[in-house]
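What follows is the residue order along each chain.
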Amino acid sequence: MNAGQTHWARRILVALGGNAMSAPDGSATEDHQIAALQTAAGHIADLIAAGYEVAITHGNGPQVGNLLVKNEMAAAVVPPVSLDWCVAQTQATVGFVLAGALESALARRGVTKAVAALVTRTLVRTDDPAFAAPEKPIGRYRPATEAAAAMSRGQHWKSFGERGWRRVVASPAPLDILDGVVGRQLMDGGTVVIMAGGGGIPVVRADGVLSGVEAVIDKDRSAALLGQYLNCDTLLVATDVEQAVLGWGTPDAVAVGHVSLAEAQRFADEGHFAAGSMGPKVAAAISFVAGTGSTSVITRLDRLADAVTAPLGSVGTVITRSGGTEPSNTEPSSTETGNQEGAGNMPEAIEVRKIPLHSVSDASELTRLIDAGIIDADRIVAVIGKTEGNGGVNDYTRIIADRAFREVIAARGSRPAEEIKQIPIVWSGGTDGVLSPHATVFATVPAEKAEPSDEPRLTVGFAMSEVLLPEDIGRVAMVEKVAAAVKIAMAKAGITEVADVHYVQTKTPLLTIDTIRDAKSRGHDVFTEDTLHSMDVSNGGTALGIAVALGEIEMPTDQQIMADRSLYSAVASCSSGVELDRAQVVVVGNAAGIGGRYRIGHGVMKDALDADGIWAAIRSTGIELPDRPHSSDLKGRLVNVFLKCEVAQDGQVRGRRNAMLDDSDVHWHRQIKACVGGVAASVTGDPAAFVSVSAAHQGPDGGGPVAAIVDLGPDPTGYQAP
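Counting starts from 1 at the beginning of each chain's written sequence and moves along it residue by residue. This being a predicted model, a pLDDT of at least 70 is required before a residue's local features are given, and a value of 80 or more before pairs of side-chain atoms are given or counted; all residues contribute to the totals for chains, interfaces and linings. Derived side-chain values reflect all non-hydrogen atoms in the structure, with water molecules and hydrogen atoms excluded from consideration.

J.: How would you explain the overall build of the chain if you had to name every residue and give the values?
T.: Starting at the N terminus, helices and strands are each numbered in turn, a helix being any DSSP run of H or I of at least four residues and a strand any DSSP run of E of at least two. Assigned secondary structure in the chain consists of 18 helices and 31 strands. Taken against the 2.2 N^0.38 rule, which gives 27 Å for 722 residues, the C-alpha radius of gyration of the chain at 26 Å falls within 12% of a compact globule. Seen along its three principal axes, the alpha-carbon backbone of the chain occupies a region of about 80 × 60 × 50 Å. Only protein chains enter the area calculation, which uses a 1.4 Å probe; residues under 20% of their type maximum are buried, those over 50% are exposed, and those in between are partly exposed. Put simply, the chain has 722 residues, and 59% of those count as buried. For this analysis, residues touch if any pair of their heavy atoms sits within 4.5 Å. Within the chain, contacts between residues separated by at least 24 positions form 79% of all contacts whose residues are at least 6 apart in sequence. All accessible areas in this document rest on Shrake-Rupley with a 1.4 Å probe, and a residue is counted as covered only by the protein chains that are shown. Element-wise, carbon and sulfur atoms account for 51% of the exposed surface of the chain, whose accessible area totals about 28000 Å². Under the counting rule used here, the positive set is Lys and Arg, the negative set is Asp and Glu, and His together with the chain ends is not counted. In this description, the location of a charge corresponds to atom NZ of lysine, CZ of arginine, CG of aspartate or CD of glutamate. Charged side chains of the chain number 61 positive and 84 negative; the gap between the two group centres comes to 1 Å. It is over C-alpha atoms that the radius of gyration is taken, and the globule rule equals 2.2 Å times the number of residues to the power 0.38.

So this is what it looks like as structure tokens:
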């Protein structure tokens, strides 16, 4: 890293606005566009020459507008092309020109870098509300007579008063950057990537088939999502003004400098930023910071390099999770870097420890770990635990435990409350039978303290999905949103191959009386009005999203969810509750070269008694075991096992009938959890195993996935029974 580089920016996504592709007077002839892109390329080349890794996305409004004019004028000679084709063609054109301009600019600076323009598809929902109410203006202003003729052909047009009429189209929300993983791989290999121009080519998925759709996607909204896929720590939004402004055009106008995520959201909610100009840019900046815990900057194109080389907050409008309160000359917190660093750096190594809970509100063992210097409170990236509640809708032990752990992290660390709130802490209620309440704590380790190893070692990535509406739960909309979040979490973990993912722990909303009522008030129905059953539905839909993201299955239909149990993920562990309104996704896998002493593997229990499935998961980590192992053979190397379980739909285990599904006194959730918990404890010799119920689409019917984390260090830290 160059001496001039600041600590907070390593891998940057630059989002170029329309001003970067047209002359100062707004004209967009071929020569003007080339000249404008050459100017933009010069500013971006300065960033690359300074040692930053850079990806680029861009708008394409003028270019699409030109194509639409050609469509109209040549319609009698050449068949017009659809809007998605227009986006694809302009993406390629701008990418071609910008790549050439950037290569030349880099050569003038003595830098040799590969530059690639990637034609990129962006998935949107078929039922996105934007399709029912198109509002995005495109193309030229036309007289009312021409607009009427176009409307007779099925197009939507809107009057803009004296200026005339313009065509309006749907601008759906981006759900998934389908080629984001490829872009990440190119960046990891040292290539400067240009992708998702114009927000990406809009596509929808129907019956497992992708097809283009007549729509345009907001470039800035896609940029916020793309930045997460590429594992960028900084989003630079280039525009034609120095900063966003409150009270624009009034005597009380105030420039926005370095603000917190909460402040930026408040300004946006108060309507300070116009919908057609600064509004989308601020919204994208907010979304990126919310999803990554990193930094967004909005500033002029010619200040891009200044924005990251000057002290944080001194150039442009800067949004960070905590705002301007943190010092600009200190190392960023682990939540903002954690296992999510860019700039070609490997993710940081992971320390993982399992600790007991001595009571519902107990976090004393976490305090002990921190005070002993084993784990840094500011580097905790995830917690996965079991509490002793009933595991149902009204299980408040999860909330109590959550509060206790976050309070310790706050008291023993330096992160502000807003950052601590974002740490994924997943609690599964219910320790039936011999199961013992506990928590598994994951924290990053500074590179200088990590045990070196070129072998695959444990890595963790985290993401939040788009908001899951009540009507999404148990339907394809949920599957799509979860799948997109899993891909982002993989990128943050530094995992590019799905085979290296061994465990995906999620927490999603279930249905309550209030959320069911909300859906109905908006004219929607829900999968079920049985709130307890909605736990199974939420978990099942989430598991299928994981399976789709990892290529285990094709996209299912609404009718297959909760019905076709041959569709499942072998690594999903899904829980649900009332605590949140979106999917909280933690991806755990292995990555080579990051160092550390831990590794994870996985297996599948074929049924509730399949102890061999648990042993298979442990063996898959690579530790040596005898042919017929005993818990004593683990010798403290096993940190924890994570299992999901479910009663077989036929009410049998190995050909024998059981009464779990018919029992009116004790719900089958608790019975199967106690059963599988006993099997797991007999294998591991430790009753503190993570066993979670409601495993629809998680492993085969009646069975479930198993993940195992082991300690490969010289002095294993796992539990050894007295």
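Text resumes after the structure shown.
J.: How would you sum up the sheet that holds strand 26 (residues 598–605)? Please name residues and give values.
T.: In this scheme, strands are said to pair when DSSP sees at least two bridges between them. One open sheet holds the four strands; their spatial order is 26-31-27-30, and the pairing between them is mixed. The sheet is open, and its two borders are formed by strand 26 and strand 30 (690–693), each paired with just one other strand. On average, each strand axis in the sheet is inclined to that of its neighbour by 15 degrees, with strand direction left out of account. The sheet contact formed by strand 26 and strand 31 (residues 704–711) spans eight bridges and is antiparallel. Paired with Gly 601 across the two strands is Ala 708, which belongs to strand 31. Note on geometry: axes are C-alpha line fits, over the in-contact stretch for helices, and angles between N-to-C directions span 0 to 180 degrees. Strands strand 26, strand 27 (638–645) and strand 30 of the sheet are contacted by helix 18 (residues 668–684), whose axis makes an angle of about 155 degrees with strand 30.

J.: Any chance you could break down the confidence of the model for the chain for me, citing the residues and the numbers?
T.: Where the model shows low pLDDT, its predicted coordinates should not be examined in detail. Looking at the chain as a whole, the pLDDT averages 89, with 94% of positions reaching at least 70. Helix 11 (residues 364–371) holds the highest mean pLDDT among the elements of the chain, 98, whereas helix 2 (residues 61–73) holds the lowest, 81. A low-confidence stretch, residues 1–7 (pLDDT under 50), is modelled with 20 contacts involving residues beyond four sequence positions or located in other chains. For every residue, the predictor states its confidence as a pLDDT score lying anywhere from 0 to 100. Overall, residues 325–345 carries pLDDT values under 50, and its contacts beyond four positions in sequence, including any with other chains, amount to 61 contacts.

J.: A description of the pairing of strand 16 (residues 295–300) should follow, citing residues and the corresponding values.
T.: The side chains of a regular strand alternate between the sheet's two faces. Among the six residues in strand 16, five count as buried, and that is most of the element. The sheet contact formed by strand 12 (residues 234–239) and strand 16 spans six bridges and is parallel. Considered in strand 16, the bridge of Leu 236 is made with Val 297. Looking at chain direction, strand 16 and strand 17 (residues 317–320) are connected through three bridges and run antiparallel. The residue of strand 17 that forms the bridge with Ser 296 is Ile 319.

J.: Residues and numbers for the pattern of salt bridges, please.
T.: Salt bridge, as applied in this entry: a Lys or Arg side-chain nitrogen positioned within 4 Å of an Asp or Glu carboxyl oxygen. Within the structure shown, the criterion is met by 37 salt bridges. Notably, a salt bridge pairs Arg 142 with Glu 146, separated by 2.9 Å at the nearest N-O pair. The exposure class assigned to Glu 146 is partly exposed, which follows from its relative accessible area of 37%. In this structure, the salt-bridge partner of Arg 517 is Asp 514, at a minimum N-O distance of 3.0 Å. You can see Arg 517 and its partner Asp 514 sitting in helix 15 (residues 513–521), three residues apart, about one turn around the helix.

J.: Summarise the nonpolar core; cite the residues concerned and give the values.
T.: Among soluble globular proteins, nonpolar side chains are generally buried collectively. The criterion is simple. A nonpolar core is a set of buried Ala, Val, Leu, Ile, Met, Phe, Trp, Tyr and Cys residues joined through side-chain atoms within 4.5 Å. Val 486, Val 504, Ile 546 and Val 587 are the most contacted members of the largest nonpolar core, which totals 76 residues. Once residues lying within four places of it in the same chain are set aside, the contact partners of Val 504 are Val 486, Ile 546, Leu 550, Val 571, Ala 572, Ser 573, Val 585, Val 586 and Val 587. With 36 residues, the next largest nonpolar core counts Leu 16, Val 94, Leu 301 and Leu 304 among its residues.

J.: Describe the side chain of Asp 711, with residues and values.
T.: Here Asp 711 shows up in strand 31. What qualifies as a polar contact is a pair of N or O atoms within 3.5 Å, subject to a donor-acceptor requirement within protein and to the restriction that residues adjacent in sequence count only when both atoms come from side chains. A distance of 2.8 Å separates a polar atom in the side chain of Asp 711 from a polar atom in the side chain of Arg 597. Apart from the residues within four sequence positions on either side, Asp 711 is in contact with Arg 597, Tyr 598, Arg 637, Val 639, Pro 716 and Thr 717.

J.: Please set out the packing of aromatic side chains residue by residue, giving values where relevant.
T.: Here a pair means two rings of Phe, Tyr or Trp (six-membered ring of Trp) with centres within 6.5 Å. Their orientation is stacked below 30 degrees between planes, edge-to-face above 60, and tilted elsewhere. Summed over the entire model, instances satisfying the criterion amount to four aromatic pairs. When the centroid spacing of 5.0 Å and the interplanar angle of 75 degrees are considered together, the rings of Phe 405 and Trp 427 count as edge-to-face. With Phe 405 in helix 12 (residues 397–412) and Trp 427 in strand 20 (residues 425–429), this pair connects stretches of sequence that are 22 residues apart. Using a relative accessible area of 0% as the deciding quantity, one classes Phe 405 as buried. Among the residues examined, Trp 427 registers a relative accessible area of 2% and is labelled buried. Both rings, one in Tyr 503 and one in Phe 642, keep their centres 4.8 Å apart while their planes meet at 35 degrees; by these two values the pair is tilted.

J.: Explain the environment of Val 679 to me, and be specific about the residues and the numbers.
T.: In this structure, Val 679 sits in helix 18. Taking the C-alpha atoms as reference points, Val 679 and Ala 372, 307 residues apart in sequence, are found 34 Å from one another. Setting aside residues no more than four positions away along its own chain, Val 679 makes contact with Met 605, Ala 608, Leu 609, Ala 611 and Ile 614.

J.: Break down unusual backbone geometry for me, citing the residues and quoting the values.
T.: Residues other than glycine seldom take positive phi values, yet Asn 231 does so here, at roughly 60 degrees. Mapping Asn 231 onto the fold places it in the loop between helix 7 (219–229) and strand 12. In this model, Lys 635 sits at a positive phi of 50 degrees, which is unusual for a non-glycine residue. Here Lys 635 falls in the exposed class, since its relative accessible area comes to 58%.

J.: Tell me what's going on with helix 6 (residues 180–188), and back it up with residues and numbers.
T.: Helical periodicity: at 3.6 residues per turn, an α-helix aligns residues three or four positions apart in one direction. Looking at helix 6, one finds that the buried residues are Gly 180, Gly 183, Arg 184 and Met 187. Summarising the axial view, the buried residues of helix 6 lie within an arc of 100 degrees, below the 170-degree limit, and thus occupy one face. Working note: the arc is built from the helix axis to C-beta atom directions.

J.: Could you give me a rundown of the environment of Gly 545, with the residues and numbers involved?
T.: Positionally, Gly 545 belongs in helix 16 (residues 531–549). A relative accessible area of 0% means that Gly 545 is categorised as buried. For Gly 545 and Ile 56, which are 489 residues apart along the polypeptide, the C-alpha to C-alpha distance reads 29 Å. When neighbours within four sequence positions are excluded, Gly 545 is seen to be in contact with Val 479, Val 482 and Ala 483.

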